Amino acid sequence: MKRLVIGILAHVDAGKTTLSEAMLYQAGSLRKLGRVDRGDAFLDTFALERERGITIFSKQAALKLPHTELTLLDTPGHVDFSAEMERTLQALDCAVLVISGTDGVQAHTLTLWRLLERMQIPVFLFVNKMDLAGAGRMDVLRELRLRLHESCIDFSMDADRESLQENIAVCDETLLERYLAEGVVQDSDIALQVAARRVFPCYFGSALQLNGVDALLDGLDRYTVMPAYPSEFGARVFKIARDEKENRLTYLKMTGGRLCVRESVSGNKDWKEKVNQIRLYSGAKYQTIECAEAGMVVAVTGLTQTRPGMVLGSAEDTELPVLEPVLTYELRLPEGCDPHTMLPKLRQLEEEDPMLRVVWNETLGAIHMQLMGEIQLEILTRLIEERFGITVAFDTGNIVYKETIAAPVVGIGHFEPLRHYAEVHLLLEPAERGSGIAFDTTCSTDMLDLNWQRLILTHLSEKQHCGILTGAPLTDIKITLLAGRAHLKHTEGGDFREATYRAVRNGLMQAENVLLEPYYAFRLEIPADCVGRAMSDIQRMEGSFDAPEPKADYTVLTGTAPVALMRNYWTEVAAYTKGMGRLSCTLGEYLPCHNTDEIVAATGYDAERDVENTPDSVFCAHGAGYTVKWNEVKQNAHVDTGWRLPQPEQQPAAPVSGTGRTARPLSGIEDDKELRALFERTYGPIKNRGFEAFRQSHKQNETLEQLYVTRIREDDYLLVDGYNIIFSWDELHDIAAGDINAAREALVNLLSNYQAVRKCRLIVVFDAYKVKGGVGSIEKRHGLNIVYTKEAETADMYIEQASYDLSRRHRVRVATSDGMEQMIILGHGAERMSANELKWEVEQANRHIDTVVQSLEK
């Protein structure tokens, strides 16, 4: 008698489990016909399977036909559980592919067909639900021949026998010659054609009504061939599971010889274990047997080193499944649950399902589970709760940003409360991407003893330093000890710790800081007609890609994209490719963040208020320590290293503050000095980190034209006090004397030309505070944002608040000749521009436009 392993595969809701029940019932293996909708199907043994009405885990059942012993393997149909189905393919001798008569060939059906073709498994097709309206036999058969294979032949009992044999004969030249000579095709010849995948028998019916099921069973009995097995023991592991007593079960497909209890097996030279028990399962029940023969599917206990896909004995290795999980979720454990304790338990689930990847990511500091989709996520949550008694939750995961710097900078840290002393000078330099943080020293031992230098390097390496934009970990930086000083009597080890930490923060506050985010390296396989959509999506996600690679029936795109934008892109791929696309992502490198301003704003991190990572230093005077702000430490330092930052020949718009703002070159610097002194006497030190760089920039030999070209960036803001400028420019003042509206329009037109050249974000504000009932308005015209203030709100009030809000993250300039307003905006960290300076820049912009127009006319 033949012994075969038959797998039932289908797209979700095609009626696969219903067909399995009907086959078992018609073959006499079941006394009662179970139904999925009633929750009493024989092969749905898991509680959640009965609740959801879907198959989650593959099951096996035994049934006998007149000439064949069949082991039936029912597999999941939902795409989220494709991994479970894939493993089952390794154990099959042939497959029954179930297709819905009303839906026809669906996307997942094509995926299954390609897998079966890849593994060269013979296929029988059963077209189910033919009793429903809209199911036409000839239409479905035509679709099967068009989309699957032209050798899909109707084998139903009511099919014309003569036409059937002719259709079979034309599939092979040798068989056709024999048919022409003898006039008949033997069952054995048909079985060989089916085994060679030259013929694909198709049966039509309704599993729920038991129609067509007997014909399918008859075909499996008559038109199948038992593989030839060697006498030497061989087996293939296709599944790992655990029973209700947590015994580890290894499911084997016997591919040769026999295996008996207490015999030793080995998968390689590294291990050898004995089989304690051999079980033959049918549904949830099993019987123990002493020996397993070739062709049987059994579960054995006692093996701890096996894994799915492993071959034992003389079995030949086969290709691994081609489907992979498409999404990574972060696992959130309940309070008090140690992740290190949870990891071994999750590893059990991982070995049972090799497509479930458990990743402990040190970088992200979290456990991530790679899954196929949302339904599998729900099942996994339930499984963890039932198996381990732990209720977990899942999220889309955390994006861990990092920070680095773009240019060298020197940081100084001084720690000198009463009877303590330490001073440290550090050089911070950008390093290669992915290099982390490196430490070095060039400090002379004449200046600082070697033991203190080693202590400083130890303190640098013992802590994870954080940046000043979001407080994210610092990376890709080389920190070099330039100089330091200790006191013979008062210096202790902890003093250098404080000075070292403060020196790092002091340097970062002066540096051009860069926010980094992780990027995915992705591979996207999609149908050719979806390439345009995919390329557009990748560009929208700030990604990049190589030239498309056309394949036989799909196209491959490879590239990189931010993790934050591509994490859930698999759902879009599944939607617009109708399930035919596949996205695989691996964590690449950290690159500059695509939306730094948004992330910094959302984080709300204030480096100056971080008391655990302060950039300020402590000095001592009159027997007491006092704090010195970070931007004044250099003037108070006790050591001069003699090291200076290299000065470029032409000063670029280099950021000089922790937020990357730059100073604006101004004419009339003496006026700024006077204004600065006046403000400081009134309000205290100006918190304008760019002022010092602004003063230094005037020492460079640059022309005003060079400054005009190089000093503006597209994310700079210019706030213009509209009426102040109108009454400061003679030509506009004259117009306003006759028509204030005309003067407003003239200013807007002039600023429109200016903005088109400078590309900054320009906001012009007009007073409307005397307008009764005015609610204020904002309109965008010619690239400008034109603001009319509301009742009881002056332009000065609006500009002061806007400059305060915007200067935290951007370079902000304010054009006004109001002296009091200039002092206030300087205190906010913005830069002032007089009406005459704005007029000069507008004239430069107009000259630039004239030059471009003249060049085009030539």
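Residues numbered from 1 in each chain as written. Predicted model: local features only at pLDDT ≥ 70, side-chain atom pairs only at ≥ 80, totals over all residues. Heavy atoms only, no water.

Visitor: I'm lost on the pairing of strand 34 (residues 717–721) in this one. Help?
Guide: Successive side chains on a regular strand alternate, one facing one side of the sheet and the next facing the other. The buried fraction of strand 34 is high, at 5 of 5 residues. Residues Tyr717, Leu719 and Asp721 line one face of strand 34 and the alternating positions Leu718 and Val720 line the opposite face, and both faces are buried. As paired strands, strand 34 and strand 35 (residues 761–766) are joined by 5 bridges and run parallel to one another. Residue pairing across strands places aspartate 721 opposite valine 765, the latter belonging to strand 35. Both strand 34 and strand 38 (residues 812–815) contribute to a ladder of 4 bridges, which runs parallel. The residue of strand 38 that forms the bridge with leucine 718 is arginine 813. (Buried < 20%, exposed > 50% of the residue type's maximum accessible area, 1.4 Å probe, protein only. Helix = DSSP H or I, 4+ residues; strand = E, 2+ residues; numbered from the N terminus. Pairing = 2+ DSSP bridges.)

Visitor: Even after reading the chapter, I still don't get the pattern of salt bridges, so can you show me in this structure?
Guide: Side chains that carry opposite charge are capable of pairing whenever their charged atoms lie near each other. This structure, assessed with the given rule, holds 31 salt bridges. The salt bridge partner of arginine 222 is aspartate 187, with a shortest N-O separation of 3.0 Å. Linking arginine 222 in helix 9 (residues 213–222) with aspartate 187 in helix 8 (residues 187–195), this pair joins segments that are 35 residues apart in sequence. Classification of arginine 222 by relative accessible area gives partly exposed; the value is 32%. Among the salt bridges present, the one from aspartate 616 reaches lysine 629, with a minimum N-O distance of 3.5 Å. Remark: lysine 629 occurs in the loop between strand 33 (624–628) and helix 18 (633–636) and aspartate 616 occurs in the loop between helix 17 (596–603) and strand 32 (617–621); sequence separation between them is 13 residues. In the salt-bridge network here, residues are joined through shared partners; they are Arg533, Asp537, Arg540 and Glu572. (Salt bridge = Lys/Arg side-chain N within 4 Å of Asp/Glu carboxyl O.)

Visitor: Is there a simple way to think about the sheet that holds strand 1 (residues 2–10) in this case?
Guide: Two pairing modes exist for strands in a sheet, parallel and antiparallel, and in both the strands are linked by backbone hydrogen bonds. As summarised here, the arrangement of the 7 strands in space is 2-3-1-4-5-7-6, forming an open sheet in which the pairing is mixed. Of all the strands in the sheet, the pair left with one neighbour each is strand 2 (59–64) and strand 6 (152–154). The average undirected angle you get between the axes of adjacent strands in this sheet is 25 degrees. Of the strands in this sheet, strand 1, strand 2, strand 3 (68–74), strand 4 (94–100) and strand 5 (123–128) are in contact with helix 1 (residues 16–26), which crosses strand 3 at around 155 degrees. Here helix 9 sits on the sheet in contact with strand 1, strand 3, strand 4, strand 5 and strand 7 (200–204), set at roughly 180 degrees to strand 5. (Axes fitted to C-alpha atoms, helices over the stretch in contact; angles between N-to-C directions. Contact = heavy atoms within 4.5 Å.)

Visitor: What am I meant to see in the packing of helix 23 (residues 730–738) against helix 24 (residues 740–758) here?
Guide: In the contact formed by helix 23 and helix 24, the axes pass within 6 Å of each other and the chain directions differ by 150 degrees. By the angle between their directions, the pair helix 23 and helix 24 is classed as roughly antiparallel. Facing Leu732, Ile735, Ala736 and Gly738 of helix 23, the residues of helix 24 in contact are Ile740, Ala742, Ala743, Ala746 and Leu747. Residue classes in the contact of helix 23 with helix 24 are distributed as 8 nonpolar, 1 polar and no charged. (Parallel < 35°, antiparallel > 145°, perpendicular 65-115°, else oblique. Nonpolar A, V, L, I, M, F, W, Y, C, P; charged D, E, K, R; others polar.)

Visitor: Quick question: what am I supposed to make of the sheet that holds strand 39 (residues 831–833) here?
Guide: Across the sheet, which stays open at both edges, the 6 strands sit in the order 36-37-35-34-38-39 with mixed pairing between neighbours. Edge strands, defined here as strands with exactly one partner in the open sheet, are strand 36 (777–781) and strand 39. Going across the sheet, the axis of each strand differs from the next one's by a mean of 20 degrees, ignoring polarity. Of the strands in this sheet, strand 34, strand 35, strand 36, strand 37 (784–788) and strand 38 are in contact with helix 24, which crosses strand 35 at around 165 degrees. Sheet strands in contact with helix 25 (residues 795–806) are strand 34, strand 35, strand 36, strand 37 and strand 38, and its direction is about 170 degrees off that of strand 34.

Visitor: Even after reading the chapter, I still don't get the state of the cysteines, so can you show me in this structure?
Guide: Working definition of a disulfide: a covalent bond connecting the sulfur atoms of two cysteines. Taken as a whole and assessed by the stated rule, the structure comprises 1 disulfide. Each sulfur of the disulfide joining cysteine 260 and cysteine 291 lies 2.0 Å from the other. Classification of the bridge connecting cysteine 260 and cysteine 291 rests on its S-S torsion, roughly 105 degrees, and on that basis the disulfide is right-handed. Linking cysteine 260 in strand 10 (residues 258–260) with cysteine 291 in strand 15 (residues 291–293), this pair joins segments that are 31 residues apart in sequence. Grouping residues by exposure puts cysteine 260 and cysteine 291 together as buried. (Disulfide = S-S within 2.5 Å.)

Visitor: Whenever I open this one, the packing of aromatic side chains confuses me. Can you help?
Guide: The geometry of two aromatic rings is summed up by the distance between their centres and the angle between their planes. Tallying each qualifying case throughout the model produces 11 aromatic pairs. Ring centres of phenylalanine 155 and tyrosine 203 lie 6.1 Å apart, and the angle between their planes is 55 degrees; this geometry places the pair in the tilted category. Linking phenylalanine 155 in the loop between strand 6 and helix 6 (161–169) with tyrosine 203 in strand 7, this pair joins segments that are 48 residues apart in sequence. You'll find phenylalanine 155 and tyrosine 203 in the same group, each marked buried. (Phe/Tyr/Trp six-rings, centres within 6.5 Å; stacked < 30°, edge-to-face > 60°.)

Visitor: Would you take a moment to explain the side chain of serine 151 for this structure?
Guide: Its place among the elements puts serine 151 in the loop between helix 5 (137–147) and strand 6. Since its relative accessible area comes to 9%, serine 151 is described here as buried. With sequence-adjacent residues up to four places away left out, serine 151 is seen in contact with Cys171, Arg198, Val199 and Phe200.

Visitor: What is the right way to read the packing of helix 12 (residues 450–462) against helix 13 (residues 493–510) from this model?
Guide: Each packed pair of helices is defined by two parameters, the angle between the axes and the distance between the axes. Orientation of helix 12 relative to helix 13, taken along the N-to-C sense of each, is 55 degrees, at an axis distance of 9 Å. The orientation of helix 12 relative to helix 13 falls into the category oblique. Where helix 12 crosses over helix 13, the two elements pack in a sense that is right-handed. Residues Trp452, Leu455, Ile456, His459, Leu460 and Glu462 of helix 12 form the contact with helix 13, whose participating residues are Gly493, Phe496, Arg497, Thr500, Tyr501 and Val504. Taken together, the residues of the contact of helix 12 with helix 13 break down into 7 nonpolar, 3 polar and 2 charged. (Left-handed = near helix turned anticlockwise from the far one by under 90°.)

Visitor: Would you mind showing me how to read unusual backbone geometry here?
Guide: The bulk of non-glycine residues show a negative phi, and the bulk of peptide bonds are trans. Not every positive phi belongs to a glycine, and arginine 197 is a case in point at roughly 60 degrees. Take arginine 197: it is sitting in the loop between helix 8 and strand 7. Classification of arginine 197 by relative accessible area gives buried; the value is 10%. Although it is not a glycine, glutamate 246 sits at a positive phi angle of roughly 65 degrees. Structurally, glutamate 246 is set in the loop between strand 8 (234–242) and strand 9 (248–256).

Visitor: Please explain helix 12 as it appears in this structure.
Guide: Every α-helix carries 3.6 residues per turn, so stepping three or four residues along brings you back to the same face. Between its first and last C-alpha atoms helix 12 spans 18 Å; for 13 residues at 1.5 Å apiece the expected length is 18 Å, and the two agree. Within helix 12, burial applies to Trp452, Gln453, Ile456, His459 and Leu460. The buried residues of helix 12 occupy an angular sector of 120 degrees when the element is viewed end-on, so they sit on one face. (Expected span 1.5 Å × (residues − 1). Arc of directions from axis to C-beta.)

Visitor: Would you mind going over the pairing of strand 2 with me for this structure?
Guide: Of the strand pairs in this sheet, strand 2 and strand 3 are connected by 6 bridges, and their pairing is antiparallel. Paired with lysine 59 across the two strands is aspartate 74, which belongs to strand 3.

Visitor: How do you make sense of the environment of lysine 285 when you look at a structure like this?
Guide: Turning to its location among the elements, lysine 285 is positioned in strand 14 (residues 285–289). When the C-alpha atoms of lysine 285 and alanine 61 are compared, they prove to be 9.4 Å apart, with 224 residues separating the residues in sequence.

Visitor: Can you help me understand the side chain of threonine 480 in this one?
Guide: Looking at where threonine 480 falls in the secondary structure, it is placed in strand 26 (residues 477–486). Here threonine 480 is in contact with His425, Leu426, Leu427, Glu429, Asp440, Thr441 and Thr442, once residues within four sequence places are set aside.

Visitor: I would appreciate a short explanation of the confidence of the model for the chain in the present structure.
Guide: Averaged over all residues, the pLDDT of the chain is 80; the fraction at 70 or higher stands at 82%. Considering only residues more than four positions removed or in separate chains, one finds that residues 686–712, a stretch of pLDDT under 50, has 63 contacts. (pLDDT = per-residue confidence, 0-100.)

Visitor: Would you take a moment to explain the environment of valine 787 for this structure?
Guide: Considering the arrangement of structural elements, one finds valine 787 in strand 37. The class for valine 787 is buried, based on a relative accessible area of 3%. The sequence separation of valine 787 and glycine 776 amounts to 11 residues, and the corresponding C-alpha distance is 7.5 Å. For valine 787, the contacting residues outside a window of four places in its chain are Ile763, Val764, Val765, Phe766, Ser777, Ile778 and Tyr798.

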